[in-house]
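One-letter residues, chain by chain:
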Amino acid sequence: MMKKIVAANWKMNGSFQQAADLVGEIINNFAKAPQFDVVTVICPPFLYLPQIRQQLQTSGKIQALQLGAQDVSEYEKGAYTGQISASMLAEAGCKYVIIGHSERRAFCSESDTNVLKKCLQVQRLGLIPILCLGETRAEYEDQKTQFVVESQLTAILNHKDIKLEKLVIAYEPIWAIGTGLTATPEQAQKVHHLLRGVLARYDAQLAVKVPILYGGSVKAENAKGLFEQHDINGVLVGGASLDPNEFWGIVSAAND
Ligand code: PGA
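An account of the accompanying structure is given in this report. (Residues numbered from 1 in each chain as written. Predicted model: local features only at pLDDT ≥ 70, side-chain atom pairs only at ≥ 80, totals over all residues. Heavy atoms only, no water.)

Right, let's get into the overall build of the protein. A count of helices and strands for the protein gives 11 helices and eight strands. Across its three principal directions, the C-alpha atoms of the protein cover 45 × 45 × 35 Å. Looking at the protein as a whole, 52% of its 256 residues are labelled buried. Total accessible area on the protein stands at roughly 11,900 Å², and carbon and sulfur atoms take up 52% of it. Here the protein holds 24 positive side-chain charges and 26 negative ones, and the gap between their average locations is 6 Å. (Helix = DSSP H or I, 4+ residues; strand = E, 2+ residues; numbered from the N terminus. Buried < 20%, exposed > 50% of the residue type's maximum accessible area, 1.4 Å probe, protein only. Areas by Shrake-Rupley, 256 points an atom, 1.4 Å probe, with all protein chains shown as cover. Lys, Arg positive; Asp, Glu negative; His and termini not counted. Charge placed at Lys NZ, Arg CZ, Asp CG, Glu CD.)

Structure below.
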C-alpha cells in the first residue's frame, strides 16, 4: 500500500517566530508517535525554509517530515527579478514543490503552459511537483468537472519529458478551498478515480503508484472519511495546517 501524504500549505501566513513554534509542535507530536508512517510535507513561505530545515535536522525527524515550497520559477536562472529557481529550492532542502495552485492560476494568471514549464524544471532537479488541479464553482455547477481536470492533467502529461514516477497530483475543487465546504469523500473519490484513469492512458503500471491528494477545507474531523476512499492517497491542507492540533489530527487519521 502507498504511504499516505499529508502536505501543509501555509500560504502567506506566519512570522519567523510563528513558523518556529508551529514546526516545534509538529516535531513534538512526531516524537510522541515515532511509529507513525505518514509522509508529512511542510510548505512554508520561502523565507522560512532554511530555519525549518535546521529545526528538522536538529530534531532528527527529517525522515518523517519533508520540506516543500509553494511555487517555483519556470526558468532555470537569470534576469527574473523576484523569482526562485528549482535548483535554489533543491539546495534549500525541498523535496516537493506545489505547482499550479488555483490561487496562483487565479491571482498570477498562471496557465497550463506555465504550470508545465514549472513541473519540468522541478523534475529536472529530482524534486517532486505537487500538481494542483480543480474546477471553479461555476464549472462544478455546469457539470464540467471532468472536462476541466482532465484537460489540466493532460496538458502536463502530454509532454514527453514528464515522469509519472516523480509526480504527485492534488485535486482541489476551487469551491472547497478556504470556504469550509468540502467535497464529500464519495465526490472526491469519483474525481480521483477519473484522474487515475487518465494516468493509466499514459502508463497503466505507474498510474496506480501516483499519489493523488485531495485538498479543500480538510480538517481533522473530515480527514478519516477521505482517507477511507480507495484513490485518495493523501491531503493538501491549507487553513487547518496552521493549527498544530488540527494538523496532528489529520496526520493521525492518515496513519490509521
Ligand atoms: P484549505 O486550503 O485547506 O484552507 O481549504 C487548501 C489549499 O488551498 O491547498
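Structure shown, so let's carry the discussion forward.
Taken as a whole and assessed by the stated rule, the structure comprises 15 salt bridges. Across the pair Asp71 and Arg104 runs a salt bridge, and its minimum N-O distance is 3.2 Å. Here Asp71 is found in the loop between β3 (65-69) and α3 (86-91), whereas its partner Arg104 is found in helix α4 (residues 102-107), with 33 residues between them in sequence. A relative accessible area of 11% means that Asp71 is categorised as buried. (Salt bridge = Lys/Arg side-chain N within 4 Å of Asp/Glu carboxyl O.)

Relative to the 26 Å expected for 18 residues at 1.5 Å per residue, helix α8 (residues 185-202) spans 26 Å between its end C-alpha atoms, a close match to the ideal helical length. Listed in full, the buried residues belonging to α8 are Ala188, Gln189, Val191, His192, Leu195, Arg196, Val198 and Leu199. On its buried face, α8 is in contact with β5 (128-133), α7 (145-157), β6 (168-171), α9 (204-207), β7 (212-215) and α10 (220-227). (Expected span 1.5 Å × (residues − 1). Contact = heavy atoms within 4.5 Å.)

Next up on the list: unusual backbone geometry. Here Lys11, not a glycine, exhibits a phi torsion of approximately 55 degrees, which is positive. As for its placement among the helices and strands, Lys11 is situated in the loop between β1 (5-9) and α1 (16-32). The backbone phi angle of Ser109 is positive, close to 50 degrees, even though this residue is not glycine. As for its placement among the helices and strands, Ser109 is situated in the loop between α4 and α5 (112-124).

On to the side chain of Lys4. Of note, Lys4 is situated in the segment before β1. It is Glu228 that comes nearest to the buried, bridge-free Lys4 among opposite-charge side chains, at 10 Å. Setting aside residues up to four positions removed in sequence, Lys4 forms contacts with Val38, Val39, Phe227, Ile232, Asn233, Gly234 and Ala254.

With respect to topology, eight strands assemble into a closed barrel ordered β1-β2-β3-β4-β5-β6-β7-β8, the strand pairing being parallel. Between one strand axis and the next, the sheet turns by 25 degrees as a mean value, whatever way the strands run. Taken together, the four bridges between β1 and strand β8 (residues 234-237) define a ladder with parallel strand orientation. Looking at the pairing, Ile5 lines up with Gly234 of β8. Relative to the sheet, α5 contacts β4 (94-99) and β5, its axis offset from that of β5 by approximately 160 degrees. (Pairing = 2+ DSSP bridges. Axes fitted to C-alpha atoms, helices over the stretch in contact; angles between N-to-C directions.)

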